Amino acid sequence: MANIVWHTKLKMRLDLTQNDLGQGIEGLWDLIYDTDRLYASRIVPVSERGLQCGGICQEKGVVAWMHLRLRANGRREGRRRA
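This write-up is about the structure you can find in this document. (Residues numbered from 1 in each chain as written. Predicted model: local features only at pLDDT ≥ 70, side-chain atom pairs only at ≥ 80, totals over all residues. Heavy atoms only, no water.)

## A closer look at the pairing of strand β5 (residues 76–80)
The sheet contact formed by strand β4 (residues 66–70) and β5 spans five bridges and is antiparallel. Its bridge partner being in β5, R69 is matched across the sheet by E77. Here β4 hands over to β5 after five residues, with G74 in that stretch at a positive phi of 90°. (Pairing = 2+ DSSP bridges. Helix = DSSP H or I, 4+ residues; strand = E, 2+ residues; numbered from the N terminus.)

## Looking at the environment of I32
As for its placement among the helices and strands, I32 is situated in helix α1 (residues 28–41). With 36 residues separating them along the chain, I32 and L68 place their C-alpha atoms 8.7 Å apart. Not counting residues within four places of it along the chain, the set of residues in contact with I32 comprises H7, L10, L14, L21, L51 and L68. (Contact = heavy atoms within 4.5 Å.)

Here it is in structure tokens:
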């Protein structure tokens, strides 16, 4: 699980712990999460959705493709597909 996700298409570092994802753009989470859900429903591979681990993975030069998850308690997560 990751709290920081790098959006490769938008060139944005997203902090999932912040309401505006750290970008100052209202509604950004909804847009990105809904887009990821749409990709999932169309069976687009996670590696083509444009979301990577933006924390320690990126710092170490590791590419770890992610998808987004919203837990029942409202916590946002970036998860790696195994």
